[in-house]
Amino acid sequence: MDRRGFIKSLKNLLGPAIAAMLAASVTQASAADKVVKVGVLHSLSGTMAISETVLKDVALMTFDEINAKGGVMGYKIEPVVVDPASNWPLFAEKARQLLTQDKVAAVFGCWTSVSRKSVLPVFEELNGLLFYPVQYEGEELSKNVFYTGAAPNQQAIPAVEYLMSKEGGGAKRFFLLGTDYVYPRTTNKILRAFLHSKGVDDKDIAEVYTPFSHTDYQTIVGNIKQFAAGGKTAVISTINGDSNVPFYKELGNQGLKATDVPVVAFSVGEEELRGVDTKPLVGHLAAWNYFMSLKNASNDDFKKEWAAYAKAKKLSSADKPLTNDPMEATYIGIHMWKQAVEKAHSFDVDKVIVAMAGQQFKAPSGFVAEMDSKNHHLHKPVFIGEVKSDGQFSVVWKTKGPIRAQPWSPFIPGNDKKKDEPEGKSKV
Amino acid sequence: MMRRLAWLIGAAMLMASAAPVAALDAAVVDRLVFGDGDEKSRAIDALVAEGDPRAERLLQALADENVQTAGQRVLIVNGDAAIDAVTGAAVAPLPADRDDVVVNNRLRRELSAALAAFKLTAPSRDVRLSAARQLADSADAAMLPLIKRALGSEQDVAVRSSLESIAATLELHADDRNVRLAAIRRLGQSSSGNAKTLLLGLLERTPAGTYVETDEEVRSAAQSGLRAVDNRLAWGERVGLLFAGVSLGSILLLAALGLAITYGLMGVINMAHGELIMVGAYATYVVQSFFRSHLPQWFDFYLLLGMPAAFVAAALVGMALERAVIRFLYGRPLETLLATWGISLVLIQAVRSIFGAQNVQVENPAFMSGGIELLANVVLPWNRIVIIFFAAAVLIAMGLLLSRTRLGLFVRGVTQNRAMAACVGVPTRRVDTWAFGLGSGIAGLAGCALSQIGNVGPDLGQSYIVDSFMVVVLGGVGQLAGTVYAAIGLGFANKLLESWSGAVLAKIAVLIFIIVFIQKRPQGLFALKGRAVDA
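Residues numbered from 1 in each chain as written. Chains lettered and ligands numbered in written order. Predicted model: local features only at pLDDT ≥ 70, side-chain atom pairs only at ≥ 80, totals over all residues.

Counting secondary structure elements, chain B contains 21 helices and 6 strands. In terms of C-alpha radius of gyration, chain B reaches 32 Å, well past the compact-globule figure of 24 Å for 535 residues. Taken along the three principal axes of its C-alpha coordinates, chain B extends 105 × 65 × 45 Å. For chain B, long-range pairs separated by at least 24 residues make up 69% of all intrachain contacts whose partners lie at least 6 apart in sequence. (Helix = DSSP H or I, 4+ residues; strand = E, 2+ residues; numbered from the N terminus. Rg over C-alpha atoms; globule rule 2.2 N^0.38 Å. Contact = placed C-beta atoms within 7 Å.)

Opposite the 47 residues of chain B that make contact, chain A presents 46 residues. For the side of chain B that touches chain A, the secondary structure elements donating two or more residues are α5 (105-119), α10 (193-202), α11 (216-265), β5 (371-375), β6 (378-381), α20 (480-501) and α21 (503-520) of chain B. With 6 residues, the top contributor of residues to the side of chain B that touches chain A is α11 of chain B.

Further remarks concern the confidence of the model for chain B. Predicted coordinates in regions of low pLDDT should not be interpreted in detail. Residue and element names in this part refer to chain B. Confidence in the prediction of chain B, expressed as mean pLDDT, is 82, and 93% of residues score 70 or more. Taken as a whole, residues 10-21 scores under 50 in pLDDT and shows 6 contacts with residues more than four places along the chain or in a different chain. Contacts for the low-pLDDT stretch residues 530-535, under 50 throughout, to residues beyond four places or in other chains number 4 contacts. If you check the scores for this complex, the pTM reads 0.80 and the ipTM reads 0.77. (pLDDT = per-residue confidence, 0-100.)

Ranked by size, the top nonpolar core spans 113 residues in total, and within it Ile-224, Val-264 and Ala-287 of chain A together with Leu-58 and Ala-117 of chain B carry the most contacts. When residues in this core are grouped by element, the largest group, 7 residues, is from α5 of chain B. Excluding residues that lie within four positions of it along the chain, Ala-287 of chain A makes contacts with Gln-155, Pro-158, Ala-159, Val-264, Phe-266, Val-382 and Ile-384 of chain A. Of all hydrophobic cores here, the second largest spans 84 residues; its members include Tyr-302, Ala-309, Val-360 and Val-471 of chain B. (Core = buried A, V, L, I, M, F, W, Y, C linked by C-beta atoms within 7 Å. Buried ≥ 20, exposed ≤ 12 C-beta atoms within 10 Å, placed from the backbone.)

All names here are of chain A. In terms of strand pairing, strand β1 (residues 35-41) meets strand β2 (residues 76-82) through 7 bridges, oriented parallel. The partner of Val-38 across the bridge, within β2, is Pro-79. In this view, the connection linking β1 to its parallel neighbour β2 by way of helix α3 (residues 49-68) has right-handed handedness. (Pairing = 2+ DSSP bridges. Right-handed = clockwise from strand over helix to strand, strands pointing away.)

Given below as structure tokens:
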């Protein structure tokens, strides 16, 4: 029997009491040299590297910032960075390595939902703590995960409502285009139900998927044009990763303008548009909880800190430092974890989970982000931005204030019976 | 008194420049900048009705996102200089706390229509034509008098025809029934998606199932117009599909041509072929970066140097590969397969270490952006057109090389009968190296072309290796013509299936087709006849 199997069977035999003791001994061990290890689990290569690499960098920046101010409860943060290489099973392996070998107190990572689904059983089995910084499809609630990105009602639904409004162009037909995996499929299922509730028929909704790393969008852009001839159309894109670059290139080359058929994207931010010629894309939309172009004091600080960090570490992005929504969510997540640890006076996962409830942080979005007291999601404001010629977004619509997340979308039947709180949370 | 004098002088100066005198209505400008969506829209209509060049300047600045506000003042900012939008007076120094005026899609659409309306009476025919084209999809009812006026004075046939269809879209809901019927007939001759949308609108039903439009004759005219438009749109679609098929075929051809030499002619199963493509793409990237930093004025021509660089880089890597590894493994396909696969991993990792794991950005030169509009709903992108011609050129060059040159003769000789070729004095070993270098170099050219349409990253080759082998195996080993037919055929099959069943299923269907095909015809589409096969 190998070591991993041995630990697993030991746990099954002796139950969680041993696990808690093990966790406690970990804390004591790291207390001796006053260092706490945390994991960073982002793809640094492969199709998702375009989006995830900066999240690793912004996490390291935030650790530096916290360390410079005395660390967490006096402990210096020591990051353990691993590269799961856009390979979903590898995510689970690396997560297990972080939790069992490196014995990290918390992990910040994942972008695609398929990677999160892949690591979820590992975190639940080993009682780890994952901070997930990206908007996602909902339909999940684990006591071991804190979701600092948006749930569908904090991104997708407001965006579609905007498209249907007079200001947004009054779209009557919708072309749902996504990468073929769980996030786009679930989001589109929710959106279809939402559109039905607004009186849009199935004949006015098209749903198209492409594989990861797809590069040939000729036919699809042609199909969009054809579909748009049937009435005022908007495209809702859940394309993820580096496929976005050829998609937007093809849109520009085929002359599909935002004033005719606007494309609203849920996974395209400032970073993904880097290096794309954005002049033909002016007016296409993105919905996020943060944009780099927001004007407020905390965003100015955040941008300055990032620019200085990128320059100091000679990152390839240093000549044009960009910030985006998942970076902000990573930043919020790390700070909230620090606050929760200090409130709990412990790195123990169960205690930190309890202390996370109701944590507040002045976010770069200009609003105070608050961790919900029950459902592990943040209360966040929603912004809808249009691409400008310089690759930034100008905000054309926003909510009055932060809104509460609904991880179980009311537009999926059966969800009304689900509990708005993860199972198995201990009441310490 | 002084102010009045200044005003008079200003007015006199304006009159001297033969422009309408009235200053812009401050209230209208105020609504344009600070109002909500509807107010902005009405303000644009009002400004268009004024027809003042200063109104045009303001709208143009707003469309270019050059309008800013400082408190209640509206400024047109151009670099460090600014003028007041209402009075036209220069503003210096610039106020510090300026805000951009946010332009959303709705506003942008109305602005471009308004600006086009201003240009309808421009002296240049080309400006008028492009303005009329632009208005085709975005004109609103308020512009009808303006368009009628333009029609009255327009002499040019093309511009007239454009204007007439715009007028038709606006008269679709006129009060006079005959005007409406004429408008519908005019729309029926159009081939734009917009015309279809408008005609569909006439055939809309209420939830109860009755038509919104009560006039029977209008409905039937709309119905027949819609059929005609649909027909033309369907043609556009077919042309688009044809082009997409040829384009994908040309890309597959480029990726597979090099393999047709190394695998087809030499019998080496080169799993590192995809990585040679990747080397070519990175060579293009390096040349592009060099041009950007050292010769920015020549940036548009970087491909002229990028192509030979990609060829040479990939050919050198290929020849080194052949000298160091493959020449010891001729005739042992399994070992070659494993060795080259290992090399492909080494190459990927090497590129990752040198250039980083993230994709690098290769920008299209300006002449390869955008496209030509063939029909109203078909735009052929320049980068794909260029690649189609490029693939054809590479194919012809390679065909000539193999059939007309001494090296080509040697390569064919060695392929057909190595021992006999050696007997008559062909240096077979050296020919192997040169031929492998040639195949690799063509893979490099493919990489150069691919960098113009897709992402350039260390994994680039992985997505093309399977496709390349598919093309070569389907086409028949050892045959250039087969490679061409197979590439174009697969391109079409893929695109046809994709438009019918989506990209994911299309890929699967093509693979299944090839599996079945190879079962039935293991030698591929075209097979070498006679004894040569056993060589």
